[in-house]
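Understanding the architecture of this molecule
Each chain, letter by letter, is given below.
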Amino acid sequence: MIETKNPGEKAILVGIFYPGQEEKEVIEYLDELAFLTETAGAEPVKRFIQKLDSPNPRTFTGAGKIEEIASFVSENKIDIAIFDDELSPSQLRNIEKVLGCRILDRTNLILDIFAGRARTSYARTQVELAQYQYLLPRLTRMWTHLERQRGGIGLRGPGETEIETDRRIIRDKISKLKEQLKKIDIQMTIQRKNRGKMVRVALVGYTNVGKSTIMNLLSKSDVFAENKLFATLDTTVRKVVIGNLPFLLSDTVGFIRKLPHDLVESFKSTLDEVREADLLVHIVDISHPGFEEQINVVNETLRELRSSNKPTLIIFNKIDIFSYTRKDEDDLTPVKKENYSLADLKKTWMASDKNFRTVFISAKTKENIDDLRKILYEEVKKIHVRRYPFNDFLYKNEI
Ligand SMILES: Nc1nc2c(ncn2[C@@H]2O[C@H](COP(=O)(O)OP(=O)(O)OP(=O)(O)O)[C@@H](O)[C@H]2O)c(=O)[nH]1
Ligand SMILES: [Mg+2]
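Residues numbered from 1 in each chain as written. Chains lettered and ligands numbered in written order. Predicted model: local features only at pLDDT ≥ 70, side-chain atom pairs only at ≥ 80, totals over all residues. Heavy atoms only, no water.

**Quick word on the overall build of the protein chain**
On a plain count of helices and strands, the protein chain comes out with twelve helices and ten strands. Looking at the protein chain as a whole, 53% of its 399 residues qualify as buried. Here the analysis covers contacts within the protein chain between residues at least 6 apart in sequence; of these, 69% occur between residues at least 24 apart. Counting only carbon and sulfur atoms, one obtains 51% of the accessible surface of the protein chain, whose full area is about 19,400 Å². (Helix = DSSP H or I, 4+ residues; strand = E, 2+ residues; numbered from the N terminus. Buried < 20%, exposed > 50% of the residue type's maximum accessible area, 1.4 Å probe, protein only. Contact = heavy atoms within 4.5 Å. Areas by Shrake-Rupley, 256 points an atom, 1.4 Å probe, with all protein chains shown as cover.)

Structure representation (C-alpha cells):
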C-alpha cells in the first residue's frame, strides 16, 4: 500500500438527486461525501447535483452536465472529481476521458481512507485485499505503472500497465492476501478462545458517533478518537469491570451507508468481534440530522453480519450538541423530524420497541454516564447469570 499524500488537492463532488428523495437528504449525502473527502486529505471546492431518474449508464450524469463539469474542472484546475455512487468500469473510463482529471467514486474514496488509516499489518492486509478486488474489473484505466509511487488520494494502491499481465499479477496477489488473512484469522480465533468465557460486549454504530470515546470512558483506556471518519479500523478489546462484574468490551470500525461490499468481506474477521458478541451496544449520534437513517444503515449491516438478533442497547450520544427547530404554537404545518425536542425523542424511542433499552448520554460532558454503566451492568449480569447459574460471587456488590 502506498500512503503518500498531496495536501490541498482540489476536489469537486458529484451526486444525483433521485425521484422520491428530499432535497435535505441529498445535501446530507453530499455533506458526508465532503467529510469523507476532507478525511482523505483533499479539499471539496464545489458540488454538482443533477436531478435524474437513474444514473446515466455512460457518464453517470447527463451529457450536458458532464460538459459543464468538464469546463469547471479545466478552468479551476481541479485535481479530482468524486462521485457519490459506485461507478461501473465503463462509466469510469468515459468520465475520465471527458473530465481529464482523476476520478474517484465513493467506494474508491472509502478504500483510500482505509488505506491511509490502517495501522496494523492485519488491517493493511484487509484493505489491500479490498483494493485489489475493487481494481480487478477496472483494469482498463491509464495507470502508469503497477504499484507506482505517485501521491494523491485514490493513488494509494495498485496501478496498471499491461492489462493482462497485471490481471494475472493481481489475481495472484489476491490469493496470496487471502492466504495471509486466513493464517491471521486462525491466530485471532485462537486468541479469542483464550480469552475465556467472559461476557462479550461490542460497541457498534455509524462512523464518528463516539464509539471510541465511550470505550475510553468505560475502560479508562486510550483508544484513538477524533473528529474524522473511520478513526478506528482495528478492533480493540478491553476488560471492563462494573460493580464486581467483569466483561470484555470491543470497539471496532464504524459503519457507513454504501460501505463497499468487498470491504465488508475482507473485514470479516475484524467484525467477528461483533458476530461473536453476547450483547451489542449500538451508539447513535443524536445530534446528527440523519441519525435515523444511520440507525437503519447500522441495522442493515448487522443483518448482513447475521448479528441483528442479539440483545442490543441503544445509546443516544452527543446530547450536549443536540438541537432542534422549535415550532410555534400557532404554526399549523405538520410536525417534522427536525421539530422533535430531546424529550419528544426520548418518549418515542423508549416507547417504540420493548426489545431494546435506550439511554441518552453525552460522552463529552459525561451526562448520564452513570445510567449507562447501570444499564450495561444489568444487561451483562442477565447474560452472566444465564451462563453461570451457580456462580454468584462475581456480582455481590451491586452498583
Ligand atoms: N459534542 C460531543 N462530541 C462527542 C461526544 N462523543 C464523542 N464526540 C466527538 O465525536 C468525534 C468522534 O468520536 P470517536 O469516539 O472517534 O467516534 P467513533 O464512533 O469511534 O468514530 P470512528 O472510529 O471514526 O468510526 C470526536 O471528535 C469526539 O470528541 C459527545 O458526547 N459530545
Ligand atoms: Mg473509533
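Picking up after the structure, the text goes on.
**Quick notes on the pattern of salt bridges**
Applying the stated criterion across every chain, the model contains 20 salt bridges. The partner of Arg106 in a salt bridge is Glu32, and the shortest N-O contact between them spans 2.9 Å. On the criterion of sequence distance, the pair formed by Arg106 in helix H4 (residues 106–117) and Glu32 in helix H1 (residues 23–40) is long-range, its members being 74 residues apart. In terms of burial, Arg106 and Glu32 fall into one category: buried. Arg387 is paired through a salt bridge with Asp278; the nearest N and O atoms lie 2.6 Å apart. (Salt bridge = Lys/Arg side-chain N within 4 Å of Asp/Glu carboxyl O.)

**Brief notes about the site of ligand 1**
Taken together, 23 residues sit near ligand 1, with Lys211, Thr213, Ala231, Thr232 and Asp320 positioned nearest. Between ligand 1 and Asn317, the relevant distance is 3.1 Å, taken from an oxygen atom to a side-chain nitrogen or oxygen of the residue. Within the side chain of Lys318, a nitrogen or oxygen atom sits 3.1 Å from an oxygen atom of ligand 1. For ligand 1, whose accessible area on its own is 650 Å², the fraction buried by protein is 89%. Among the residues making up the shell around ligand 1, the classes are represented as seven nonpolar, ten polar and six charged. (Near = heavy atom within 4 Å. Polar contact = N/O pair within 3.5 Å; in protein donor to acceptor, adjacent residues only side chain to side chain. Nonpolar A, V, L, I, M, F, W, Y, C, P; charged D, E, K, R; others polar.)

**What to know about the sheet that holds strand E1 (residues 9–17)**
Taking strand neighbours across the sheet as the criterion, the four strands line up as E2-E1-E3-E4 in an open arrangement whose pairing is parallel. A single partner strand is all that each edge strand has here, and the edge strands are strand E2 (42–51) and strand E4 (102–105). The average undirected angle you get between the axes of adjacent strands in this sheet is 25°. Looking at chain direction, strand E3 (residues 80–83) and E4 are connected through four bridges and run parallel. Residue pairing in the sheet places Ile82 in a bridge with Leu104 of E4. (Pairing = 2+ DSSP bridges. Axes fitted to C-alpha atoms, helices over the stretch in contact; angles between N-to-C directions.)

**Notes on the packing of aromatic side chains**
Following the criterion strictly, the structure yields seven aromatic pairs and no others. Relative to Phe72, the ring of Phe48 lies with its centre 5.5 Å away and its plane at 75°, an arrangement referred to as edge-to-face. Linking Phe48 in strand E2 with Phe72 in helix H2 (residues 63–75), this pair joins segments that are 24 residues apart in sequence. An angle of 90° between the planes, with centres 6.2 Å apart, marks the rings of Phe291 and Phe316 as edge-to-face. With Phe291 in helix H10 (residues 291–304) and Phe316 in strand E9 (residues 312–317), the pair connects residues that are 25 residues apart, well separated along the chain. As far as burial versus exposure is concerned, Phe291 and Phe316 are alike and both buried. An aromatic cluster of three or more residues is present, and its members are Phe291, Phe316, Trp349, Phe356 and Phe360. Directly above the aromatic system of Phe48 lies the positively charged group of Lys46, at a separation of 5.3 Å from the ring centroid. Above the plane of the ring of Phe17 lies Lys51, whose end atom (NZ or CZ) is 4.9 Å from the centre. (Phe/Tyr/Trp six-rings, centres within 6.5 Å; stacked < 30°, edge-to-face > 60°. Lys NZ or Arg CZ within 6 Å of the ring centre and 35° of its normal.)

**Considering the packing of helix H7 (residues 211–219) against helix H12 (residues 369–387)**
As a packed pair, H7 and H12 sit with axes 12 Å apart at the nearest point and diverge in direction by 80°. With respect to their mutual orientation, H7 and H12 come out roughly perpendicular. Residue-level contacts link Ile214, Leu217 and Leu218 of H7 to Ile369, Leu372, Arg373 and Leu376 of H12. Looking at side-chain class alone, the contact of H7 with H12 contains six nonpolar, no polar and one charged residues. (Parallel < 35°, antiparallel > 145°, perpendicular 65-115°, else oblique.)

**Comments concerning the packing of H2 against helix H3 (residues 89–99)**
For any two helices packed against each other, one specifies the crossing angle of their axes together with the interaxial distance. For the pair H2 and H3, interaxial distance at closest approach is 9 Å and the crossing angle is 50°. In terms of orientation, H2 and H3 fall into the oblique class. Residue-level contacts link Ile66, Glu67, Ile69, Ala70 and Val73 of H2 to Ile95, Val98 and Leu99 of H3. Residue classes in the contact of H2 with H3 are distributed as seven nonpolar, no polar and one charged.

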